[in-house]
Amino acid sequence: MWTLFQIELFKIFRRPRTYIAFAAITALIGMVQLGLKVDGQEYASFVMADFNSSFALEGNLLNGYFVCFIVLQLLLVHVPLLIALIAADMISGEANTGTLRLLMSKPVSRVEFILAKYLASVVYTIMLLVWVALQALFLSMLIFGTDDMFIMKSSYAVLIKSGDVFWRYAGAFCFAALAMTTVAALGFLLSLFAENSIGPIVATMSVIIVSTLLSTMNIPLFNLVKPYLFTTHMITWKEFFDLRVNELNEAIPGSLAYPEKIKTSALILLIHIVVFVGAAAVIFKRKDIVS
């Protein structure tokens, strides 16, 4: 299976469209960084407008940590599309080019074939997020410097000391990798049901859009299914940037406000991955290969 996995990686990174995702991420992050570099102080003043009358925040609000948080909020909504471009093409692309039947004539089991292809898409997903981290975090730290991180929540604000930030980003990116891997698993499963890539890509994004709407709409009927939708848990990476408070309502450095929520969301995402990939293996094992 290792040889098959290497071959699948080679196929992914041989395609020119694979690098479209990396180029798009570079362009999007670059535009955000340029805009904040030019007009960032006005944006910072807007963010602090409701708090200036209550307290004064010393230091550089517009630092690399804060810029990375803004980028992630904007970008992680669109990354699933870039992942679907590859994951939803893994099987349907072979069927479209007529090579799937030829591959099945080789002495390799269908389960190994599925696992090798999925693992290759996981590597692509992780490399894409590593590229996001390099651009959004490390490059922003180089351009804007580092300082304490100020974050606006819906009803309160969070101030995280600069020495307490970096490990939170490490956790957030790891969790984002798990969430995006779930998207890859969904696209991979849907790629079994078509002989061209357009259908699975559109279907993957449609499922994500519908599930996201169900996750965000506060309607009693939808509240019953919210906890079981993977899109509900994809944004849990933000929980790494919330602190627990003590009896005096003072933030506890190095703490997480809701660590159990992170664990629960990670478990649910893992269950979705197992279900999607397991279903793909079962379906493909029984599939009649005619193309």
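Refer to the preceding data block for the structure.
This one's a predicted model, so the numbers in the text were calculated from it and none came from an experiment.

A. The arrangement of the overall build of the protein in detail. If you tally the helices and strands in the protein, you get 12 helices and 2 strands. Counted from the first residue to the last, the protein has its helices and strands arranged as α-α-α-α-α-α-α-β-β-α-α-α-α-α. Seen through its principal axes, the protein has C-alpha atoms that stretch 70 × 40 × 30 Å. Relative to its 291 residues, the protein shows a buried fraction of 47%. A sequence separation of at least 24 residues applies to 77% of the contacts in the protein between residues at least 6 apart. Carbon and sulfur atoms form 68% of the exposed surface of the protein, whose accessible area is close to 14700 Å².

B. Focus on the nonpolar core. Residues Leu-128, Met-149, Tyr-169, Phe-241 and Phe-284 are the most contacted members of the largest nonpolar core, which totals 86 residues. It is helix α8 (residues 166–190) that provides the largest number of residues to this core, a total of 15 residues. Aside from chain neighbours lying at most four places away, what touches Phe-284 is Ile-91, Leu-100, Met-104, Arg-110, Phe-113, Ile-114, Leu-192 and Ile-289.

C. The pairing of strand β2 (residues 157–160), seen in detail. What you see with β2 is a clean split: Val-158 and Ile-160 sit on the buried side and Ala-157 and Leu-159 on the side with no burial. Pairing of strand β1 (residues 149–152) with β2, which is carried by 4 bridges, proceeds in the antiparallel orientation. Counted as the bridge partner of Met-149 is Ile-160 from β2. A loop of 4 residues connects β1 with β2, the two strands running antiparallel in sequence.

D. Local environment of the packing of α8 against helix α12 (residues 259–286). Where α8 meets α12, the axes come as close as 9 Å, and the angle between the chain directions of the two elements is 25°. The orientation of α8 relative to α12 falls into the category roughly parallel. Read as a crossing pair, α8 and α12 show a hand that is left-handed. Contacts from Phe-175, Leu-178, Ala-179, Thr-181, Thr-182, Ala-185, Leu-186, Phe-188 and Leu-189 of α8 reach α12 at Ile-262, Ser-265, Ala-266, Leu-269, Leu-270, His-272, Ile-273, Phe-276, Val-277, Ala-279, Ala-280 and Ile-283.

E. How the structure looks around α12. Under the 1.5 Å per step criterion, the end-to-end length of α12 is 41 Å for 28 residues, consistent within 8% with the ideal 40 Å. Those residues of α12 not exposed but buried are Ile-262, Ser-265, Ala-266, Ile-268, Leu-269, His-272, Ile-273, Phe-276, Val-277, Ala-280, Ala-281 and Phe-284. Among the structural elements, α6 (100–103), α7 (110–144), α8 and α11 (230–233) are those in contact with the buried residues of α12.

F. Structural context of the side chain of Asp-148. With respect to the secondary-structure elements, Asp-148 resides in the loop between α7 and β1. Within the structure, Asp-148 has its side chain in polar contact with the backbone nitrogen of Ser-162 (distance 2.9 Å). If sequence neighbours within four positions are ignored, Asp-148 has contacts with Asn-60, Asn-63, Leu-159, Ile-160, Lys-161 and Ser-162.

G. Just the pattern of salt bridges, in detail. Scanning all chains against the criterion turns up 10 salt bridges. A salt bridge links Asp-148 to Lys-161, with the nearest nitrogen and oxygen atoms 3.7 Å apart. In this pair, Asp-148 sits in the loop between α7 and β1 while Lys-161 sits in the loop between β2 and α8, placing the two residues 13 residues apart along the sequence. Judged by relative accessible area, Lys-161 falls into the exposed class, the value being 52%. Among the ionic pairs, Asp-164 bridges to Arg-168, the shortest N-O distance being 2.8 Å. Across this residue pair, the class does not change: Asp-164 and Arg-168 are buried. Within this structure, Glu-8, Lys-11, Glu-94 and Lys-117 form a network of salt bridges that share partners.

Rules used in this analysis
Residues numbered from 1 in each chain as written. Predicted model: local features only at pLDDT ≥ 70, side-chain atom pairs only at ≥ 80, totals over all residues. Heavy atoms only, no water. Helix = DSSP H or I, 4+ residues; strand = E, 2+ residues; numbered from the N terminus. Buried < 20%, exposed > 50% of the residue type's maximum accessible area, 1.4 Å probe, protein only. Contact = heavy atoms within 4.5 Å. Areas by Shrake-Rupley, 256 points an atom, 1.4 Å probe, with all protein chains shown as cover. Core = buried A, V, L, I, M, F, W, Y, C linked by side-chain atoms within 4.5 Å. Pairing = 2+ DSSP bridges. Axes fitted to C-alpha atoms, helices over the stretch in contact; angles between N-to-C directions. Parallel < 35°, antiparallel > 145°, perpendicular 65-115°, else oblique. Left-handed = near helix turned anticlockwise from the far one by under 90°. Expected span 1.5 Å × (residues − 1). Polar contact = N/O pair within 3.5 Å; in protein donor to acceptor, adjacent residues only side chain to side chain. Salt bridge = Lys/Arg side-chain N within 4 Å of Asp/Glu carboxyl O.

Keep in mind these numbers describe shape, not what the thing actually does.
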